[in-house]
Amino acid sequence: MKKNQESKTETIKTIKEELLENNNKNAVSSYFGALTFDHKAMRKKLPKEVYRALQKTIQTGNKLSEEIAGAVAHGMKEWAMENGATHYTHWFQPMTGATAEKHDAFLTFDKDGTPIERFSGGQLIQGEPDASSFPSGGMRTTFEARGYTAWDPTSPAFLMKGGKGLTLCIPTVFISYHGEALDEKTPLLRSMDAVSKSAIKLLGILGVADISRVNTYAGAEQEYFLVDRKFYSMRPDLVMSGRTLLGAMPPKGQQLEDHYFGAIPNRVLEFMQEVEEELYLLGIPAKTRHNEVAPHQFEIAPIFERANIAADHNLLVMEVMRRVAERKGFALLMHEKPFAGINGSGKHNNWSIGTAEGVNLLEPGDTPESNIQFLVFLVAVLKGVYKRAGVLRASIASIGNDHRLGANEAPPAVVTVFLGELLEKVLDAIESGKVDFATEKQVLNLGLAHLPVLNKDYTDRNRTSPFAFTGNKFEFRAVGSSQPISVPNMVLNTLMAEAMDELADEIQSKIDSGVDKDAAIQEVLRAEIAATKPVRYQGDNYSENLQQAAADRALPNLKNTPQAMRVLRDSDTREMFVKYSVLSQEELDARLNTRLERYVKGIDIEARTLQLMLKTFVIPNVSEYQGEIAISFNALMDAAERVGVSGNTLKSQGGHLKELAESLGAVIDLTAELDAVIEKMDTLEEGFDMADYSADVVLPAMDKVREVADKLEFMVDRDKWELPTYSEMLFEH
């Protein structure tokens, strides 16, 4: 095993050394994207007219002709084979939360039986993996196996290392025989088209013309835990569910706040460096690495990219980290709450909108109150989030995130927007009609001669806000660490398209009635600023004040996944997705059914894993220890009686044995209760009945038995407790 890991590491080193042979060995730019079919590779391998046609497709969405696709396929195959690839795969994102791939060899045979390598335009554009075993949410029956993958030319193909070689991976969408989306990427791409059309329409009313396209951009800050693989393999709960279902808090957790931004341990730093090296080869712009708040928790963050590419790249980041972690003897934990009582992991989704010509539509400029374009798009975001807060909450609902949201470590289940003091003043002034103050760029003069004057941002940071403005973008902080970002970005794009259309129609209606354009814009802004005020919350989202504010302002407060997913049944929600051609009624039903099914199955796996651990670890371990203590205590009582020592002298030892016996008895009884709860689950109707039962009955039953089992961990001799403890997993590395 060790030899195999060393062999893989040597392969990576060799690839990089070859790439850097004639370059500056310290410059990432000299090998960045070397394993992607990027602009440099395209220019080298494609005829000029083919390259220009492909670039036009990437920039504007125009379809490629079959002839052009054939030329692209040939150039892509030649590039891939030169780098050592023998196979290709259509790389897609089914509704499983992960990626999928089926590898095909370039090898084929000519008519006379001569072996040759071939890759046609048809093979590039379309594939046909068996779709029968992927989630469809009821859109198709199990025996209907046909599904199609279709090339997404806007996301570059890449070479993925694995085994002994490389495979050409072609990012694609995944659709059924009848054209329904079976993946997470197709709706994201549709939503990007919708937001572009609506933004161009709104910009036209504002007097901005000649915009070819408007894109949404994203950057996902990925949090994760690393634990030693030897501990991971001894924990059935981590292996089966990704989180610890048992485990007592160690004396030290994160209370000293000494891990955040601390020095990165050497072993972890080696892991990070190897991850970054692989990501750079894949053209993924990893920018930041650091220790996070919890022990052995870390973060990697990228530079902004178009939303669909950012979604692809985030999935690749997770996959690369898993592979490198295994080589380094770590287990990568992406679960939102792998350790109870310890901060969980999120994936802060930074989102923005801008023109293809390079203008960020959420850039305030030096004086926000005079930048009418910025204010219109800012208000559009407020309008969309306020109107569709429930849908936004549903987009990040999952088993793992239910443990994290609202747990005084992450944003609450209530979706609010934080703008900061300055922008709040600007909006209040516009609402009152008194925009008469200056807001030139602020600075922080530190008063020290040897330190520079710093530009002051328009907002302070509010780490408790689920949706915060951070200078020229919004940070959707409530996304879970294990979740693909396609769904939340699809929802953000769609609600933004709807909000922009409504603003455009309101402004145009006033103009048509004879109101001056500038006055019409100001009137609409004033009305919308007042209407969306309830969603703006500048305080501590962890406090009870937020819960009261949510009730007072009628903001959705959806505590768990079943509650959140009910919003997808609302006719108004469904009409939005259908109107913008992002999801059909059938596709919405499919996603609702799939999400509920995955929620129920996930909790079922957790409950049965806990059942297994209680019966094969906790109860036997405690019983054995109790037996030894009882024998020791009885021997001690006999000895005391022989020498005339009073039984009261041994009262404390007897008390310990009694408490141990009572706690073990409680665990056995509660395990039996859990058995009954799990058994009843199979009798319920699928869908919301099962999901509600999982949330309201199964999880509480699991928590109840865990509380006693965790108490026993502190009462049992460590040599008798077989499960690795929190102390070992979080502090021994």
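In what follows, the accompanying structure is described. (Residues numbered from 1 in each chain as written. Predicted model: local features only at pLDDT ≥ 70, side-chain atom pairs only at ≥ 80, totals over all residues. Heavy atoms only, no water.)

## Considerations on the pairing of strand β9 (residues 214–228)
- Where burial is concerned, most of β9 is hidden: 14 out of the 15 residues are buried.
- As paired elements, β9 and strand β14 (residues 347–355) share nine bridges and run antiparallel to each other. Note on β14: the bridge partner recorded for A220 is N349.
- Pairing geometry for β9 and strand β12 (residues 305–306), over two bridges, is antiparallel. Directly across from A218, in β12, lies its bridge partner E305.
- Pairing analysis gives four bridges linking β9 to strand β11 (residues 297–302), with the strands arranged antiparallel. By the bridge assignment, E223 is partnered in β11 with E299.
- Two elements, β9 and strand β13 (residues 330–333), share four bridges in a ladder whose sense is antiparallel. If you follow V227 over to β13, its bridge partner there is A331. (Buried < 20%, exposed > 50% of the residue type's maximum accessible area, 1.4 Å probe, protein only. Helix = DSSP H or I, 4+ residues; strand = E, 2+ residues; numbered from the N terminus. Pairing = 2+ DSSP bridges.)

## Description of the pairing of strand β6 (residues 147–151)
- Within β6, four of the five residues are buried, leaving the element largely enclosed by the surrounding structure.
- Inspection of the sheet shows strand β5 (residues 126–127) paired to β6 by two bridges, in the antiparallel sense. Residue pairing in the sheet places Q126 in a bridge with A150 of β6.
- Summarising the sheet, β6 and strand β8 (residues 165–176) pair through five bridges and their orientation is antiparallel. Counted as the bridge partner of G147 is S176 from β8.

## Some points on the packing of helix α6 (residues 185–205) against helix α10 (residues 307–327)
- At their nearest, the axes of α6 and α10 sit 9 Å apart, and the two run at 155° to each other. Classified by the interaxial angle, the pair formed by α6 and α10 is roughly antiparallel. Of the residues in α10, those touching α6 at K185, L188, L189 and M192 are A307, N308, A311 and D312.
- Per-class residue counts for the contact of α6 with α10 are five nonpolar, one polar and two charged. (Axes fitted to C-alpha atoms, helices over the stretch in contact; angles between N-to-C directions. Parallel < 35°, antiparallel > 145°, perpendicular 65-115°, else oblique. Contact = heavy atoms within 4.5 Å. Nonpolar A, V, L, I, M, F, W, Y, C, P; charged D, E, K, R; others polar.)

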